[in-house]
2 protein chains.
Amino acid sequence: MAVKAQVLYDFTAEPGNNELTVQEGEILTLTKQNVGSGWVEARNSRGNVGLVPEDYIEINPGSTQASSDTQATQYIDAHNQGYNSSSANSQAINENEAWTATTWSNNNPANNLNHAEQEPAGNNGSVYSFDEEWDDDSDDGKSTGGYGGSQVEESGTMQRGGAHSTMKLSLNKFPGFSKTPNPEVYLLTKHISKGDDRLPVYTGEVGPVWLYPQIQLDCVVADPKKGSKMYGLKSYIEYQITPNTTNRPVNHRYKHFDWLYERLVEKFACALPIPCLPDKQVTGRFEEEFIKMRMERLQGWMSRMCRHPVISNSDVFQLFLNYRDEKEWKLGKRKAEKDEIVGVKIFSNIDPELPELDPAQVEQKYEMYSQFTRSMDNSVKELLAVGHLHWKRCTGPLQKEYRQIGKAFQNLSSVFNTSAYPREYTLTEALTATGKTYEEIAEIVAGQPKKDLHFLMETNHEYKGLLGCFPDTIAVHKAAIDKVKEADHLVVMNKISQQDKLIMEKNLSTMSYALQAEMNHFHSNRIYDYNRLLQFYLEEQVKFYETIAEKLKKALGQYTTM
Amino acid sequence: MAVKAQVLYDFTAEPGNNELTVQEGEILTLTKQNVGSGWVEARNSRGNVGLVPEDYIEINPGSTQASSDTQATQYIDAHNQGYNSSSANSQAINENEAWTATTWSNNNPANNLNHAEQEPAGNNGSVYSFDEEWDDDSDDGKSTGGYGGSQVEESGTMQRGGAHSTMKLSLNKFPGFSKTPNPEVYLLTKHISKGDDRLPVYTGEVGPVWLYPQIQLDCVVADPKKGSKMYGLKSYIEYQITPNTTNRPVNHRYKHFDWLYERLVEKFACALPIPCLPDKQVTGRFEEEFIKMRMERLQGWMSRMCRHPVISNSDVFQLFLNYRDEKEWKLGKRKAEKDEIVGVKIFSNIDPELPELDPAQVEQKYEMYSQFTRSMDNSVKELLAVGHLHWKRCTGPLQKEYRQIGKAFQNLSSVFNTSAYPREYTLTEALTATGKTYEEIAEIVAGQPKKDLHFLMETNHEYKGLLGCFPDTIAVHKAAIDKVKEADHLVVMNKISQQDKLIMEKNLSTMSYALQAEMNHFHSNRIYDYNRLLQFYLEEQVKFYETIAEKLKKALGQYTTM
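It should be emphasised that the depicted structure is a prediction, and the values quoted were computed from it without experimental measurement.

**Comments concerning the interface of chain A and chain B**
Right, on to step 1. Opposite the 74 residues of chain A that make contact, chain B presents 74 residues.
Right, on to step 2. Taken together, the two surfaces of chain A and chain B that pack against each other cover about 7,300 Å², and 69% of this comes from carbon and sulfur.
Right, on to step 3. Considering only the surface of chain A that becomes buried against chain B, Tyr-421, Leu-538 and Tyr-545 of chain A emerge as the three largest contributors, covering 9% of it.
Right, on to step 4. Scanning the region where chain A abuts chain B turns up eight salt bridges.
Right, on to step 5. Of the charged contacts in the structure, one is a salt bridge between Glu-205 of chain A and Arg-423 of chain B, with a shortest N-O distance of 2.8 Å.
Right, on to step 6. The interface formed by chain A and chain B includes 22 residue pairs in polar contact (both at pLDDT 80 or more).
Right, on to step 7. For the side of chain A that touches chain B, the elements supplying multiple residues, two or more each, are helix H1 (69-84), helix H10 (359-417), helix H11 (425-451) and helix H14 (498-556) of chain A.
Right, on to step 8. Looking at the side of chain A that touches chain B, the element that brings in the most residues is H10 of chain A, giving 27 residues.
Right, on to step 9. Residues belonging to the side of chain A that touches chain B are distributed by class as follows: 42 nonpolar, 19 polar and 13 charged.

Encoded structure:
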């Protein structure tokens, strides 16, 4: 069946780039979803085919998820009314499909053997091919990096999971649930977790919070080195990761990060959203550019993981950062892969030292978090779309235009210079300087996005990835609530005892505290991140405008006052 | 025959405006030249029809004027190489047709009775119709203002003579030449001009110059008032013109300016380029806007005329500024219309107290002026084209984009505000302020062209009009040179005497001094105008960037330092 998509934002094609101009509200038929680098190929109603940025469209705008989402949608509709009143956005933006841009599919252990096949093949034209093979000490199969063309190179944006299908995963496809397909297993068990694995939830100033360590773990990802094995037939990049705790560097390849990510998903994803790793598929013509970009993103991912009190304290994460030799690493790997406390079982480690919540309270929190993350996801996507547009404008038409202005002034100066009129000199000199200033401004304008918008885009991409994980995490809670709601009925049917029902409610309360602690962790980080981001962005923007004003002032000084 | 045009600059159509996207070098077929407001309707090679800005195209790029223009073209080609090396521009830009955007056709007395018919009829959609009738004390016929739609309203640009044909007028269609069709009449006569009409040419610091008055005449055009006659059936606008000499205001309607313009063309255009009046056809939906724009342009025209020592001192111009009552005005009008010293006869008033130039020197100057004015015309058109583009960008996509950025930040703030997380306040407040700042920036960006680009465009339009008059003025000199070159042959043929030949050479030298004085006047004014223009533009640009930097700094101050 042809996949349809609705256009969320106007997009004007750059000539010669095989792009398609589309308008907000337009319905497209996707002809190729795996183009890569954040682009899809689509056909409009007039039969024209071309590339459109993935951020600008909403796949399957017609279908909706029924059930309790209606309420959420209504909420968001009301919320969005302010800025969508005159647009056709609100409908499309609020569809559930908006969630699915980041999926778990690439990381589903069941799919691992097909890993390579999931990478988009046949990218366009000028492809930078960089060989990063998988070790043979791993049965992950073989993944060959296929990096997209130069289309969004200038925008610096990268789609995480953008090349994967946008199909919503059902619960039993959830990585953790392949071993523990149902929260019932957890809900019906009476737990007393008092071991080392205990994950306490306290009441902090902001509500339930995780236990934070005295010293926050952090690490530096740096010094990428090309290595090779099998007599140079296979080459790879090894990154040096230095934690602030030991200050002793460890080396890891991308595949090790990917292995860590899979372990974290298996173990924690029912309780904690684990953001995807940066894509294997990266834009960039040059090896150095690609490596730099990946390193930057691995750094971002690692810093986020380090900041998380539960993740950073886990055995597998500690192993990744602190292993002393190959032997310790391999033993640790084997142990982690055999870890039994995965999927919903992780909740049995949660130990909230707090009064039990009744299911209604739990459901209320669930709705709130669901709504919040969904709204923020929409908002982040909006920011990304407009950022993408602005980047393109700065490096494209605006640069060209300031260059043209600069040329026009300089040409006028050249003409004036041929007048043979004796009093020409000061004006032609000043005019030439003005022209050159506008040429400089052209380069400043084109270079600015890399200075400020880049960080804004990167941070929001990171949040887009993170927010994309919440629905699956929250869905576990939703399933648990539904189970507890059934409990009365099950008691009547004698399927469970009254005691079982009380245990279920207690366990649901525990799950809820985990979610609350996680949300508070998210909020705290979010406020920190966006505060820092916006300050940085505005500082750079101020510098940008001041630099231009300064340059123009200097040019102005060359004219004679009459 | 279908009129062809070559595209000089890329132009991207705004959706929904019936515009046509065209690319540099493309050949179009003009389907309607009289669209008005600086637009033409054209068909591209794929059969698409739409509006294109007149400044962006070069009509009849194939045809060239033979003769001595070859040299000029070569010169300009060499000159343009710097900026046209990678474009198809140079050819098109250097064709003689580039001169013809401003023509005399509307002002040819022979056409006066058809005046109204020359106005473009049937303008597009939202037409502002403002009734300005001609008096019945004039036999000028009737002119009804037909003002263009709103398409280039935002650009503030106006095409002078843009609605007229771009046909190059032959000499015998030249207004002056309808009475004196050939410079021979002047060249063969021995003149001694010692009367009040004497126009001396002195040697100034910069070469031959006109005699400048001690106090420079200037005037203020202000206070437009709506009047009516014939029991209100006919209404008109009367402007108040106050010269700095008498400080006594006189009232004139547009038709009086037009009458003055025609007299000046008749009398002086062989020696002095007389710039066209601002078009009757003006963009603008509202009466006040239209009147303001016309007044501003009449002011510009009058100031330029006042600055000219020959024009400002002429009887007809003095009459226009100083008449005391209706009787004096009518008598003066009649006298001016009967003036015999028109066309090439004006040269008989020129009195250069300077050594006679030989014809070779004269021809050299002629080539130089021809080349200079042609190059400057190209350069001015380039500046207008890029200015037009920039205006469109600022008031269109850029404004929209900054608004979107503003909205995106504010929406994110609204979402954050719903988190129920206790430490939200400072960030959401700051984010909202940031969003509002970008919305303000959107309005500043969109409003800026009216503040600075407007003056740049107006001045360059004025120069485009003025430069468009030079070819016809210079052509008179060219014809005279050709006559003098024939003189030897004519002497042999006994058609003229040796004495006649010497008189012709002396008269040619006189004509050359007039042209030199005029060019020096032009250069002096040009340097003054562009110096003032660029200073003003840069000052406003500096303010613009500083204002934005200031606003962003204020928004930045709202974030907490962490």
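From this point, the narrative continues.
**Considering the packing of aromatic side chains**
Right, on to step 1. All told, the structure shown has 37 aromatic pairs over all chains when counted by the stated rule.
Right, on to step 2. Ring centres of Trp-259 of chain B and Trp-329 of chain B lie 5.4 Å apart, and the angle between their planes is 70 degrees; on these two criteria the pair is classed as edge-to-face. You can see Trp-259 of chain B sitting in helix H5 (residues 254-268) and its partner Trp-329 of chain B sitting in helix H9 (residues 326-337), a full 70 residues away along the chain.
Right, on to step 3. Ring centres of Phe-409 of chain B and Tyr-438 of chain B lie 5.8 Å apart, and the angle between their planes is 45 degrees; this geometry places the pair in the tilted category. Highlighted residues: Phe-409 of chain B in helix H10 (residues 359-417) and Tyr-438 of chain B in helix H11 (residues 425-451), separated in sequence by 29 residues. Pair check on accessibility: Phe-409 of chain B and Tyr-438 of chain B agree, each one buried.
Right, on to step 4. An aromatic cluster is defined as three or more aromatic residues linked by ring pairs; in this entry it consists of Tyr-239, Phe-257, Trp-259, Phe-320, Tyr-323 and Trp-329 of chain A.
Right, on to step 5. Over the aromatic face of Tyr-236 of chain A sits the side chain of Arg-253 of chain A, whose NZ or CZ is 3.9 Å from the ring centroid.

**Some words on helix H8 (residues 315-322) of chain A**
Right, on to step 1. Where burial is concerned, most of H8 of chain A is hidden: six out of the eight residues are buried.
Right, on to step 2. Those residues of H8 of chain A lying buried are Val-316, Phe-317, Leu-319, Phe-320, Leu-321 and Asn-322 of chain A.

**Describing the pattern of salt bridges**
As a working rule, side chains carrying opposite charge can pair if their charged atoms are close by.
Right, on to step 1. Summed over all chains, the structure comprises 54 salt bridges over all chains.
Right, on to step 2. For the salt bridge of Arg-198 of chain A with Asp-351 of chain A, the shortest nitrogen-to-oxygen distance reads 2.5 Å. Residue Arg-198 of chain A is located in the loop between helix H4 (184-187) and strand S6 (199-204), and its partner Asp-351 of chain A is located in strand S11 (residues 350-352); the two are separated by 153 residues in the primary sequence.
Right, on to step 3. Arg-198 of chain A sits in the partly exposed class, given a relative accessible area of 23%.
Right, on to step 4. With a closest N to O distance of 3.5 Å, Glu-266 of chain B and Arg-263 of chain B form a salt bridge. Note that Glu-266 of chain B and Arg-263 of chain B are positioned in helix H5 at a spacing of three residues, about one turn of the helix.

**Side note on the sheet that holds S6 of chain A**
All names here are of chain A.
Right, on to step 1. As summarised here, the arrangement of the three strands in space is S7-S6-S11, forming an open sheet in which the pairing is mixed. Looking at the sheet topology across the chains shown, the edges are occupied by strand S7 (207-210) and S11. Going from strand to strand, the sheet's axes swing by 35 degrees on average, the running direction of each strand aside.
Right, on to step 2. Both S6 and S11 contribute to a ladder of three bridges, which runs parallel. Across the sheet, residue Leu-199 finds its bridge partner in S11, namely Ile-350.
Right, on to step 3. Strands in contact with H14 are S6, S7 and S11; relative to S7, the strand with the most contacts, it is inclined by about 80 degrees.

**Overview of the relation of the copies chain A and chain B**
Right, on to step 1. Taken as rigid bodies, chain A and chain B are interconverted by a rotation of 180 degrees and an axial shift of 0.0 Å, the fit giving an RMSD of 0.1 Å. Both copies of the chain, as the preceding transformation shows, are related through a two-fold rotation axis. When C-alpha positions in chain A are compared against the rotation axis, the closest is assigned to Tyr-545 of chain A, at 2.7 Å.
Right, on to step 2. Mapped onto chain B, 100% of the interface residues of chain A are again interface residues, and the two copies thus contact each other with one and the same surface.

**Details of the domain arrangement of chain A**
Residues and elements named next belong to chain A.
Right, on to step 1. The domains assigned to chain A are domain 1 (4-59), domain 2 (181-197 + 353-561) and domain 3 (217-340).
Right, on to step 2. For domain 1 and domain 2, the distance between their C-alpha centres works out to 23 Å.
Right, on to step 3. Listed as interface residues are ten residues of domain 1 and, on the opposing side, ten residues of domain 2.
Right, on to step 4. When the two sides are added together, the surface that domain 1 and domain 2 hide from each other amounts to roughly 750 Å², 52% of it contributed by carbon and sulfur.
Right, on to step 5. For the salt bridge of Glu-19 with Lys-392, the shortest nitrogen-to-oxygen distance reads 2.8 Å.
Right, on to step 6. The interface formed by domain 1 and domain 2 holds three residue pairs in polar contact (both at pLDDT 80 or more) in total.

**Details of the layout of surface pockets**
All names here are of chain A.
Right, on to step 1. Taken as a whole, the second largest pocket spans an internal volume of roughly 740 Å³.
Right, on to step 2. What lines the second largest pocket is a set of 34 residues, and nearest its centre among them are Asp-197, Val-310, Asn-313, Ser-314 and Asp-315.
Right, on to step 3. Residue assignment for the lining of the second largest pocket shows that the elements contributing at least two residues are S6, helix H5 (254-268), helix H7 (309-312), H8 and helix H9 (326-337).
Right, on to step 4. Here the element with the most residues in the lining of the second largest pocket is H8; it accounts for five residues.
Right, on to step 5. Taken together, the residues that form the lining of the second largest pocket break down as 17 nonpolar, eight polar and nine charged.

**Comments concerning the sheet that holds strand S10 (residues 250-253) of chain A**
Residues and elements named next belong to chain A.
Right, on to step 1. As summarised here, the arrangement of the three strands in space is S8-S9-S10, forming an open sheet in which the pairing is antiparallel. Edge strands, defined here as strands with exactly one partner in the open sheet, are strand S8 (219-229) and S10. Here the strands of the sheet are splayed against their neighbours by 30 degrees on average, with no regard to which way each runs.
Right, on to step 2. Sheet topology places strand S9 (residues 234-243) next to S10; four bridges connect them, and they run antiparallel. Considered in S10, the bridge of Tyr-239 is made with His-252.
Right, on to step 3. Contacts from helix H6 (residues 287-307) reach S8 and S9, with the element oriented near 135 degrees to S8.

**Notes on empty space enclosed by the protein**
Right, on to step 1. By volume, the largest cavity amounts to about 310 Å³.
Right, on to step 2. Along its surface, the largest cavity is lined by 29 residues, and Leu-398, Tyr-402 and Tyr-545 of chain A together with Leu-398 and Tyr-402 of chain B are the ones closest to its centre.
Right, on to step 3. Those elements giving two or more residues to the lining of the largest cavity turn out to be H10, H11 and H14 of chain A together with H10, H11 and helix H13 (498-556) of chain B.
Right, on to step 4. Split by residue class, the lining of the largest cavity holds 21 nonpolar, six polar and two charged.

What counts, and at which threshold
Residues numbered from 1 in each chain as written. Chains lettered and ligands numbered in written order. Predicted model: local features only at pLDDT ≥ 70, side-chain atom pairs only at ≥ 80, totals over all residues. Heavy atoms only, no water. Contact = heavy atoms within 4.5 Å. Buried area = accessible area lost by both parts, 1.4 Å probe. Salt bridge = Lys/Arg side-chain N within 4 Å of Asp/Glu carboxyl O. Polar contact = N/O pair within 3.5 Å; in protein donor to acceptor, adjacent residues only side chain to side chain. Helix = DSSP H or I, 4+ residues; strand = E, 2+ residues; numbered from the N terminus. Nonpolar A, V, L, I, M, F, W, Y, C, P; charged D, E, K, R; others polar. Phe/Tyr/Trp six-rings, centres within 6.5 Å; stacked < 30°, edge-to-face > 60°. Buried < 20%, exposed > 50% of the residue type's maximum accessible area, 1.4 Å probe, protein only. Lys NZ or Arg CZ within 6 Å of the ring centre and 35° of its normal. Pairing = 2+ DSSP bridges. Axes fitted to C-alpha atoms, helices over the stretch in contact; angles between N-to-C directions. Least-squares fit on C-alpha atoms with pLDDT ≥ 70 in both. Domains from an automatic or database assignment. 1 Å grid on protein atoms, 1.4 Å probe; cavity = no way out; pocket = protein on both sides within 12 Å on 5 of 7 lines; lining within 4 Å. Points joined across faces, edges and corners; volume = space filled by probe spheres on them.

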